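Descriptive structure summary
Single-letter residue listing:
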Amino acid sequence: MKVKTLLLLLIFNVNVQALNVADQLNNFFQSGSVFVHKSLNKKNNNIEESNGFFERYNDHISIDVFSPYRETYYIYDDEIEIVDIEFSQIRYIPIEDLENNFFLNLILNGVTDDYDHINVIEDGKYILIKDNLEIAIDFINKNTLQLKYKDNLGIDNLIRFSRSS
């Protein structure tokens, strides 16, 4: 009897932690933050790094990339507007044209109930799984979050978001 009760309490605790990470992650992306994005393309052994600023507004998300190239991405529910500042060019991509973009869906919609699993690794470290894709989430502290995932092109991505206290 005690073992059953202990197992039920353990399962309940893991589920509460999973709900908590959803709230933590959704709340984290409600305010602006600077980011550093590193990607590793294992096919050509190439590492790229960019940095910029992420901000959520009522009707869109703005991502300003400062280096290596000056670009701004305005992400709306139905399209992404890409502004290449150096070449004074603007292009639009319909969201529906982007297949299985797990990261974009995460920052646009937050953690919703349609995720397959949220695995608790340890306090502050989680694996979010949807459609056989994974994002590793690491809350380094209350103002720093790190996401690690493999995109649909097979490129490893690591993004560290830091917001001011």
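Heads up: the structure comes first, above all this text.
Here's a quick rundown of the structure.

Scoring rules and cut-offs
Every chain is numbered independently, its residues counted from 1 as its sequence is written. Given that the model is predicted, a residue must reach a pLDDT of at least 70 before its local features are reported, and side-chain atom pairs must reach 80 or more before they are shown or counted; all residues, however, enter totals for whole chains, interfaces and linings. Where side-chain values are given, they derive from all heavy atoms of the structure, hydrogens and water being excluded. What makes a salt bridge here is a side-chain nitrogen of Lys or Arg within 4 Å of a carboxyl oxygen of Asp or Glu, nothing more. What counts as a helix is a DSSP run of H or I of at least four residues, what counts as a strand is a run of E of at least two, and both are numbered from the N terminus. Accessibility here uses a 1.4 Å probe with only protein chains present; expressed as a share of the type maximum, an area under 20% marks a residue as buried, one over 50% as exposed, and anything in between as partly exposed. Aromatic pairing here means that ring centres of Phe, Tyr or Trp (its six-membered ring) are within 6.5 Å. Orientation follows from the plane angle: under 30 degrees is stacked, over 60 is edge-to-face, and everything else is tilted. Nitrogen and oxygen atoms within 3.5 Å of one another constitute a polar contact, given that in protein one can donate a hydrogen and the other can accept it, and given that sequence-neighbouring residues count only through two side-chain atoms. Any two residues whose heavy atoms approach within 4.5 Å are treated as being in contact.

**Considerations on the pattern of salt bridges**
Scanning the entire structure with this criterion turns up 3 salt bridges. A salt bridge links Glu 49 to Lys 38; its shortest N-O distance comes to 4.0 Å. Taken as a pair, Glu 49 in strand β2 (residues 46-56) and Lys 38 in strand β1 (residues 33-41) lie far apart in primary sequence, 11 residues in all. A salt bridge links Lys 125 to Asp 138, with the shortest nitrogen-to-oxygen separation between them at 3.4 Å. Here Lys 125 is found in strand β8 (residues 125-130), whereas its partner Asp 138 is found in strand β9 (residues 133-141), with 13 residues between them in sequence. The exposure class assigned to Asp 138 is buried, which follows from its relative accessible area of 17%.

**Here's the deal with the packing of aromatic side chains**
Enumeration according to the criterion identifies 6 aromatic pairs in this entry. With a centroid separation of 5.7 Å and 85 degrees between ring planes, the pair formed by Phe 28 and Phe 29 is classed as edge-to-face. Ring geometry for Phe 35 and Phe 161: centres 6.2 Å apart, planes at 50 degrees, overall tilted. Of this pair, Phe 35 sits in strand β1 while Phe 161 is found in strand β11 (residues 156-162), placing the two residues 126 residues apart along the sequence. Each member of the pair, Phe 35 as well as Phe 161, is classed as buried. Of the aromatic side chains, those joined through ring pairs into one cluster are Phe 28, Phe 29, Phe 35, Phe 54 and Phe 161.

**A few points about the side chain of His 60**
Mapped onto the elements, His 60 comes out in the loop between β2 and β3 (61-67). Only 2.8 Å separates the side chain of His 60 from the side chain of Asp 59, close enough to count as a polar contact. Those residues in contact with His 60 that lie beyond four places of it in its chain are Glu 55, Tyr 74, Ile 75 and Tyr 76.

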